[in-house]
Amino acid sequence: MVVARGAAPQVVNEKIRTIQLPIIDFMGERSEVSKLMVKACQDFGFFKLVNHGVPNHIISPMEDQSWNFFSKTSSEKETTFGYGCKNIGFNGDVGDVEYLILNANRLSHQSPLTNYNEDPTTKFRCAVSSYVAAVRELACEILEVMGEGLRVPDTSVFSNLIRGVDSDSLIRLNHYPPLVVTDTSPPSSATNYNRIGFGEHTDPQILTILKSNDVCGLQISLQEGIWVPVTPHPTAFFVNVGDVLQAMTNGRFISVKHRAVVNSYKSRMSMAYFGSPPLHAKISPIPELITTQNPQLYRSFTWKEYKEATYSRRLGESRLNLFKIQLEEE
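Residues numbered from 1 in each chain as written. Predicted model: local features only at pLDDT ≥ 70, side-chain atom pairs only at ≥ 80, totals over all residues. Heavy atoms only, no water.

Enquirer: So what about helix α8 (residues 303-311)? Which residues, and what values?
Expert: Listing the buried residues of α8 in full gives Trp303, Tyr306, Lys307, Ala309 and Thr310. Seen from one end, α8 has its buried residues packed into an arc of 160°, which puts them on one side. Its buried side turned inward, α8 meets α7 (243-248), β14 (282-283) and β15 (301-302). (Buried < 20%, exposed > 50% of the residue type's maximum accessible area, 1.4 Å probe, protein only. Helix = DSSP H or I, 4+ residues; strand = E, 2+ residues; numbered from the N terminus. Arc of directions from axis to C-beta. Contact = heavy atoms within 4.5 Å.)

This is the structure in structure tokens:
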């Protein structure tokens, strides 16, 4: 992608605010970790997780194979099921991104490949399968620690929704090409080259675990029209609350609005695991989180019902409000 200096389409001009986002050490004392996670999910809907236990010998092949895939020719990539470029969803949303979407649950429950030969397809499948299995297990552990922090009777109430063989979890690989200017003069610091790579949205699933390379681009919005850049971290996973988790916690956790911008002279690549319930799973607030002071905010719905509502709307349009109970005081 070549962007001439001064080009106007999709330029980002919103206010940017610097905030120190939470970094949680997963190897810390468990009760303290659970408290920190609950606070982060309440205040930000987001945190960075270090010492997460997923080894580099699983992460590195996944990154290598993802780069190898995106380095293929357009004709090669376009024949791959789940590949897309520019167009996001079915409702006219576009961005400066190409992506590959795979069924994570099927991959995580596959038997490990023993014949790890030089065949590119086998190497890709092996790397993705190993990575997804490890990150899925991490997601379950995170959700159980959250359950402990919320002091719910069944701390596996969240993780059970993604452990089963019928969960609807996904893995999405995103590649954001770099910005390139057509002249040779150095860019001015006052010049804004930010362009939308993936437009603002919340994730509809339970939990997202994201790993990206060392290029900036991810931003979260804690206040309308104000964006907080998420600085890259060499080893951390980025974890954010999804809509389903916000509903199940009766609004105690927030599903944070976020986006990706293309604002660099270097490619950005991210790998996102979306932990999702089975299509038939009934989603409703946990009874212990409903009180007189905090009445039930959301009606019950199935993941299939919510997923269909998600696909029927454009990025940035409210979905969870469709399932919100109208309280008398409202």
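Next comes the rest of the description.
Enquirer: Can you lay out helix α1 (residues 30-43) for me, pointing to particular residues and giving the numbers?
Expert: Here α1 contains 14 residues, and its C-alpha end-to-end distance of 20 Å stays within 8% of the 20 Å for a straight helix at 1.5 Å per residue. For α1, the complete set of buried residues consists of Val33, Ser34, Met37, Val38, Ala40 and Cys41. Considered in projection along α1, the buried side chains sweep an arc of 165° and stay on one side of the axis. Counted as exposed and oriented over 90 degrees from the buried face of α1: Lys35 and Lys39. Contact partners of the buried residues in α1: β2 (23-25), β3 (46-50), α5 (120-150) and β11 (237-241). Within two residues after α1, Gly45 carries a phi angle of roughly 70°, on the positive side. (Expected span 1.5 Å × (residues − 1).)

Enquirer: Let's hear about the sheet that holds strand β5 (residues 93-103): which residues, and what values?
Expert: In space, the 8 strands of this open sheet follow the order β2-β3-β11-β8-β13-β6-β5-β4, with mixed pairing throughout. What marks the edges here is a single partner per strand, and that holds for β2 and β4 (83-88). Neighbour-to-neighbour, the strand axes of the sheet open up by a mean angle of 30°, direction not taken into account. Sheet topology places strand β8 (residues 207-212) next to strand β13 (residues 268-275); 6 bridges connect them, and they run antiparallel. Residue pairing for β13: Leu207 is matched across the bridge by Gly275. On the sheet, α5 packs against β3, β5, β6 (170-176), β8, β11 and β13 and is oriented at approximately 130° with respect to β8. (Pairing = 2+ DSSP bridges. Axes fitted to C-alpha atoms, helices over the stretch in contact; angles between N-to-C directions.)

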